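Chain residues, written in single-letter form:
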Amino acid sequence: MNFKNNTITYKNIVAFASIVFFSTQTQAKTPYLALKSTVDPIKNEAVQQTITGTVTDSDGVLLPGASVMVQGTSIGTTTDFDGNFSIDANLGDVLEVSYVGFETTTIEVTQETTYTIQLAANTSELDEVLVVGYGTQKKSDLTGAVSSVVAEEFNKGVVNNPGNLLQGKVSGLNVTNTSGEPGAGQDIIIRGVGTLRSGTSPLYVVDGFVLDNSGNGLATNPLNFINTQDIESINVLKDASAAAIYGSRAANGVVVITTKKGKAGRTQMNFSASTAISTIANKIDVFSAEEFRTIVPQIGGSLSDNGANTDWQDELTRTAITNNINFSMSGGSANTSYFASIGVDDQEGIINKSDLKRYSARANVTQKGWDDRLKIDLNLTATRTENTRPNIGTMVSNMLSLNPTTPAYTNGEPTVFGTGINPLIIENIYGDFSNNNRMIANIAPSLEFVDHLTYKLNLGVDYSTTDRDVQYIPYAADPDYAQGSINTSFTTNRNTLVENTLTYNNVFGDHGLTLLAGHSYQKFYIHDKGFYFENFPNNGIEPRYQLEAARGENATQYSNAVSNELQSFFGRVNYTYQDKYLVTATLRSDGSTKFGENNRYATFPSLALGWNIFKEDFMADSGINNLKLRASWGKSGNQEIPAKQTRLSYGESFADNDIYPLNDGITTREGYDYGLVFARTANPDLQWEETTQTNIGLDFGFLDYKLSGSVDYFLKETNDVLLYFSTQDPIDEVGYKWQNIPDMKIKNSGIEVALDYQSDRTRDFSFNIGGNISYIKNEITDSPFTIVTTGTASGAGQTGATINGYMNNQPIGNFFLREFTGIGADGFSTYTDLNGDGQIDDSDRISAGSAVPDILYAFYLKFKYKNFDLGLNFNGVSGNEIYNHTRMSLFNKTQISNSLNTTDQAIAYPNEDPSNTNTVSTRYLENGAFLRLNNATLAYSLNPQVIGMDKWLDNVRLSVTGQNLFIITDYTGFDPELNTGSSSDSKSYGIDYYTYPKARTVVFGLNVSF
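Keep in mind that what you see is a predicted model, and the values were worked out from it rather than measured. (Residues numbered from 1 in each chain as written. Predicted model: local features only at pLDDT ≥ 70, side-chain atom pairs only at ≥ 80, totals over all residues. Heavy atoms only, no water.)

## Structural notes on the overall build of the chain
Okay, so step 1: When helices and strands are tallied, the chain shows 11 helices and 54 strands.
Okay, so step 2: The C-alpha radius of gyration computed for the chain amounts to 32 Å, which stays within 12% of the reference 30 Å derived for 1010 residues, consistent with globular compactness.
Okay, so step 3: Taken along the three principal axes of its C-alpha coordinates, the chain extends 100 × 65 × 65 Å.
Okay, so step 4: Taking all 1010 residues of the chain together, 52% fall into the buried category.
Okay, so step 5: One finds the centroid of the 72 positive side-chain charges in the chain at a distance of 5 Å from the centroid of its 110 negative side-chain charges. (Helix = DSSP H or I, 4+ residues; strand = E, 2+ residues; numbered from the N terminus. Rg over C-alpha atoms; globule rule 2.2 N^0.38 Å. Buried < 20%, exposed > 50% of the residue type's maximum accessible area, 1.4 Å probe, protein only. Lys, Arg positive; Asp, Glu negative; His and termini not counted. Charge placed at Lys NZ, Arg CZ, Asp CG, Glu CD.)

Okay, here's the thing in structure tokens:
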């Protein structure tokens, strides 16, 4: 451990453990003491009676689903669809009646047994409490740019991770699923890409526990471990003021996830089940067998007609079934509350042999004591994820290119080709199997040891283990697969967190003050190891089950481990005056072991101001419910680079005669010892990448909060950019290393607008309509490089060719390509000669657009009529391009002339020579804009009384959801939302290379509450 003062936290742990233990011993006595002091003998003699009544709004409109509780007990019920309730209570008991959007009211039980209770509309929407960094704030007190999405607003359907819940829901947030594979990885970008080759993902915080963005050995998204049905809300902290409390890791924004908690009252149980049917959403229009037989001879190709009529896209895909079952239980008393859930997701992918299974369990418990001065939160989640993957690149390539006249099966078995191998055989001999077990637990006791001053300790651990086998079963009929092989890896991730905070919160007349001071220590440990074996016997046993049988001489092994530490000291001041004038100031100092001693710590400040204009006297009769002006400035940091980059490292080498000829008796080179060479030269001056952000925003609400929205302008600039590039130093033994580019800047600026209108929800018919739109301009300035390559081409004759990268005065993901102008008289491609030297080479490349969209938009429509509701969610992007690498590789005249399938794009130029090369150029660059109906849900809430089950059931909800129902786009690939490009240590964008196709899904759901 490199931080000396870290040990202070463990003394706090011991001391606080004693307090917690003592409180649990006294807690059992507390209820009895309270009972003796409050019991009224008269009430004790009262006879229990049945109380009935009706709950309405101030206009007499019935309110179904209102909560009616006997205060101080776990006895409670909800009103039925006619607003009626029935509950057992004693004379003198107090009934507490609440309903979403209305003020909670209480009524004392008298001799009367029937009551009509009217609830007043809640006009204090701004009192909604949002979870932010290390605490909560009222919505009216926020000075930063924070977007909140609650469970009712999440995207519905088959959803594997939080990113999919948020797609299209938050302005300035771009969520791109890299492919259509179950649980596929995602590019989640908040307010534009702010870094180059270091991490671009936001920081995720789950119930106060800060996750690590490192991979966990799974090929799919590491966030798939979260059961999305356990999530209560997600808050996105977008500007520096909101995110700066997380300092070094907040440069890309922060996503705060809060899972469901129990509430005092009777036990609430919920069961949900769904079945989804998925098919390929968009097949690529390759030639049918009949078209193929006609076109190949027409272009002078050699037709190989095998007599069949095969649609290989149909053969290699399937109608996939997904089943989901969840059960949760929550409840509690005045001092204890709990939420527990279990869930099973079993998802099939639309490509054969593609599956994702997840088993999850969660328990959240809150215990209070000492007159609510002591509070202990415990959150525990455990998941197992099982992932089976096909050879995706091979399957997609084959389904688009195989000869459609070749039969898929012969005599009931996959056809054996003369050359190559039937992909249906590869399905059976190839397997990629991953199993991940992950547990996240944190306990957070807090104690208000003097009035208004609370100490909180947060202890947490995130432990994950993954084993992965990638194998080929021996297949004697093809020499390339005759031996069989296996590549096995084991990954262990451990993330431990210790945080101590002190919070002072008080109101002095017109003044409100909240002070936060804290210390955080986090340690990350990743251990990888694995081996490769080949040459297995063809005995019907998979290689992963007979490792000892491998006979090959090319066995290899590897192992490595990385340990990183972060230590932070932070503070925040929130000040309000008359609830009108707001100030938030934050300061955080972070130290990371990824940097040298001289640059280990960096400090990240922020300042934000807010003005609740609508509370001014001159706005009293304006009819405006909310009008707040916000302004903020701040810095945040980025340290997402590989570990140990500041330190010198050596390695053994046998290449380039790196040997020690010390023994005269040795006559061959192979007999000498290995030589030591530099693996990495030291760079002790490496330092933090810093992002400075300015934000000006306006929040507004009219018509009793029916119409609300916000407008934000932001400017974000990244300095001291971290980049892995050539040192251009002839003395440097390595040549490449991580360095800061001092003058280089990444700039993002933009405008975000969000608008929402909600009609009167108490009426039989109500509706909600809204949306958001963001314009983001991205630019790299003062770059010393011509281009830093990110995306490169793959395939014969093209591997390594630049497709896109970073260029001065251009946006990130800029395509740097030759400009295709057509086919010349000789049948070969022609390109623009930019410099007029008569040669077409790399100096003739142009900036042809960016892979990152500059406009993001989404809108939604929700309708409710009595027990029916319908929700539609659309999202789209514009201003981006996609490089169709699949088209470049497969949809050309060479393919069809060799009796391989393709599309009519290959014969767009009749005079094109079949030997024309598919050079990287604008010929394969396409418009990536789209508008998608992301999901649509039609649901019916069944009154349990209708089926005579009202004594046992609270609610029964039936629903049908469609996902990816249609898309409007000019893109000719499977789907424009993708990113499967090839890159090494950089982040690639907007390249389609044999991408797993997207599915169209229909989900049938049942939800029962009781």
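## Concerning the pairing of strand E12 (residues 186-190)
Okay, so step 1: The buried count for E12 comes to five of five residues, which makes it a mostly enclosed element.
Okay, so step 2: Taking every second residue as pointing to the same face, both faces of E12 are buried, with Gln186, Ile188 and Ile190 on one and Asp187 and Ile189 on the other.
Okay, so step 3: Pairing between strand E11 (residues 173-177) and E12: five bridges, direction antiparallel. Within E12, the residue paired with valine 175 across the bridge is isoleucine 188. (Pairing = 2+ DSSP bridges.)

## Quick look at the packing of aromatic side chains
Okay, so step 1: What the rule picks out here adds up to 20 aromatic pairs.
Okay, so step 2: On the basis of an interplanar angle of 90° and a centroid distance of 6.3 Å, the ring pair of tryptophan 312 and phenylalanine 417 is categorised as edge-to-face. Here phenylalanine 417 lies in the loop between strand E23 (413-414) and helix H9 (423-429) and tryptophan 312 lies in helix H7 (residues 312-316), a separation of 105 residues in the sequence. In terms of burial, tryptophan 312 and phenylalanine 417 fall into one category: buried.
Okay, so step 3: By way of ring pairs, the aromatic residues Tyr134, Tyr246 and Phe570 are connected into one cluster. (Phe/Tyr/Trp six-rings, centres within 6.5 Å; stacked < 30°, edge-to-face > 60°.)

## Focus: the sheet that holds strand E53 (residues 991-992)
Okay, so step 1: Spatially, three strands are ordered E50-E49-E53 in an open sheet, and the strand pairing comes out mixed. In the strand order of this sheet, the two ends are held by strand E50 (925-927) and E53, each with one partner.
Okay, so step 2: Bridge count for strand E49 (residues 881-884) against E50 is three bridges, and the pairing is antiparallel. Note on E50: the bridge partner recorded for isoleucine 882 is glutamate 926.

## Thoughts on helix H8 (residues 392-401)
Okay, so step 1: Taken across its 10 residues, H8 has eight buried, putting it largely inside the fold.
Okay, so step 2: Considering only its buried residues, H8 is in contact with H7, strand E21 (374-389), H9, helix H10 (885-890) and helix H11 (893-897). (Contact = heavy atoms within 4.5 Å.)

## Quick word on the nonpolar core
Okay, so step 1: The biggest cluster of nonpolar side chains holds 30 residues, and the ones touching the most others in it are Val396, Leu400, Ile421, Ile429 and Phe974.
Okay, so step 2: Those elements that place two or more of their residues in this core are H7, H8 and H9.
Okay, so step 3: Broken down by element, the residue count for this core peaks at five residues, all from H8.
Okay, so step 4: Contacts of valine 396, omitting those with residues within four sequence positions, involve Ile351, Phe974, Tyr994, Thr995, Tyr996 and Pro997.
Okay, so step 5: Judged by nonpolar contacts, the second largest core, of 29 residues, contains Leu196, Leu723, Tyr806 and Leu817. (Core = buried A, V, L, I, M, F, W, Y, C linked by side-chain atoms within 4.5 Å.)

## Some words on helix H6 (residues 289-298)
Working note: α-helix, 3.6 residues per turn, so residues spaced by three or four point in the same direction.
Okay, so step 1: All buried positions along H6 are accounted for by Ala289, Phe292, Ile295 and Val296. Projected down its long axis, H6 shows its buried positions confined to an angular sector of 125°, all on one face. Seen from the buried face of H6, the exposed residues on the opposite side, beyond 90 degrees, are Glu290 and Gln298.
Okay, so step 2: The elements touched by buried residues of H6 are H11.
Okay, so step 3: Residue glycine 300 follows H6 closely and has a positive phi angle near 85°. (Arc of directions from axis to C-beta.)

## A word on the side chain of asparagine 493
Okay, so step 1: Along the chain, asparagine 493 falls in strand E26 (residues 485-508).
Okay, so step 2: In this structure asparagine 493 touches Ser214, Gly215, Asn216, Asp462, Tyr463, Ser464, Tyr525 and Ile526, once residues within four positions along its chain are discounted.

## Structural notes on the environment of aspartate 954
Okay, so step 1: Residue position: aspartate 954 is located in the loop between strand E51 (930-942) and strand E52 (955-969).
Okay, so step 2: In this view, aspartate 954 contacts Thr78, Arg266, Gln268, Pro944, Ser1009 and Phe1010; residues no more than four positions away in its chain are not counted.

## Things to note about the sheet that holds strand E43 (residues 814-818)
Okay, so step 1: Taken in spatial order, the four strands make up an open sheet running E41-E42-E43-E46, and their pairing is antiparallel. The open sheet terminates on both sides in strands that have one partner only, identified here as strand E41 (788-792) and strand E46 (845-850). Between one strand and the next, the sheet's axes are offset by a mean angle of 40°, whatever the strand orientation.
Okay, so step 2: As paired strands, E41 and strand E42 (residues 802-806) are joined by four bridges and run antiparallel to one another. Across the sheet, valine 788 pairs through a bridge with tyrosine 806, a residue of E42. (Axes fitted to C-alpha atoms, helices over the stretch in contact; angles between N-to-C directions.)

## As for the environment of serine 899
Okay, so step 1: Examined against the element boundaries, serine 899 turns out to sit in the loop between H11 and E50.
Okay, so step 2: Distance from serine 899 to glutamine 546, taken between C-alpha atoms, is 40 Å for residues 353 residues apart in sequence.
Okay, so step 3: Sequence-distant contacts of serine 899, that is, excluding residues within four places in its chain, are made with Phe292, Ser302, Leu303, Ser304 and Asn403.
Okay, so step 4: At a separation of 2.7 Å, a polar atom in the side chain of serine 899 contacts the main-chain amide nitrogen of serine 304. (Polar contact = N/O pair within 3.5 Å; in protein donor to acceptor, adjacent residues only side chain to side chain.)

## A look at the environment of serine 988
Okay, so step 1: Tracing the backbone through its elements, the reader meets serine 988 in the loop between E52 and E53.
Okay, so step 2: Sequence spacing of serine 988 and isoleucine 812 is 176 residues, and the spatial spacing of their C-alpha atoms is 9.6 Å.

## Points about a nonpolar patch on the surface
Okay, so step 1: A cluster of nonpolar residues, Tyr581, Trp611, Phe618, Leu629, Ile696, Val711, Tyr713, Leu715, Ile751, Val753 and Ile773, forms a patch on the protein surface that exposes about 940 Å² of accessible area.
Okay, so step 2: Going through the elements one at a time, strand E36 (707-719) and strand E39 (745-758) are the ones with two or more residues in the nonpolar patch.
Okay, so step 3: When residues of the nonpolar patch are assigned to their parent elements, the largest contribution, three residues, is made by E36. (Patch = residues over 30% accessible without salt bridge, like charges linked within 9 Å, V, L, I, M, F, W, Y side chains within 5 Å. Areas by Shrake-Rupley, 256 points an atom, 1.4 Å probe, with all protein chains shown as cover. Salt bridge = Lys/Arg side-chain N within 4 Å of Asp/Glu carboxyl O.)

## Remarks on the pattern of salt bridges
Okay, so step 1: What the rule picks out here adds up to 35 salt bridges.
Okay, so step 2: Arginine 373 serves as the salt-bridge partner of aspartate 451, at 2.3 Å between the closest nitrogen and oxygen. Highlighted residues: aspartate 451 in the loop between strand E24 (430-450) and strand E25 (453-472) and arginine 373 in the loop between strand E20 (355-369) and E21, separated in sequence by 78 residues.
Okay, so step 3: What makes arginine 373 partly exposed here is its relative accessible area of 30%.
Okay, so step 4: Residue aspartate 579 pairs with lysine 615 through a salt bridge whose shortest N-O separation is 3.9 Å. Linking aspartate 579 in the loop between strand E28 (556-577) and strand E29 (581-592) with lysine 615 in the loop between strand E30 (601-612) and strand E31 (624-638), this pair joins segments that are 36 residues apart in sequence.

## Comments concerning the confidence of the model for the chain
Okay, so step 1: Averaged over every residue, the pLDDT of the chain is 86; the share at 70 or more is 91%.
Okay, so step 2: Mean pLDDT across the secondary structure elements of the chain bottoms out at helix H2 (residues 30-38), with 30, and peaks at H7, with 97.
Okay, so step 3: Here residues 4-45 is a poorly scored stretch, pLDDT under 50, and it has 34 contacts once near neighbours within four places are set aside; other chains count. (pLDDT = per-residue confidence, 0-100.)

## As for unusual backbone geometry
Okay, so step 1: Positive phi is not limited to glycine here, since asparagine 411 has a value of about 55°.
Okay, so step 2: Of note, asparagine 411 is situated in the loop between strand E22 (409-410) and E23.
Okay, so step 3: In this structure, tyrosine 705 takes a positive phi of about 70° despite not being glycine.
Okay, so step 4: Mapped onto the elements of the fold, tyrosine 705 is located in the loop between strand E35 (689-702) and E36.
Okay, so step 5: Tyrosine 705 gets classed as buried once you look at its relative accessible area, which sits at 13%.

## Points about the pairing of E31
Okay, so step 1: Bridge count between E30 and E31: seven bridges; the pairing is antiparallel. Paired with asparagine 612 across the two strands is lysine 628, which belongs to E31.
Okay, so step 2: Relative to E35, E31 is paired through 14 bridges, and the arrangement is antiparallel. Bridge assignment links tryptophan 633 to a residue of E35, and that residue is threonine 694.

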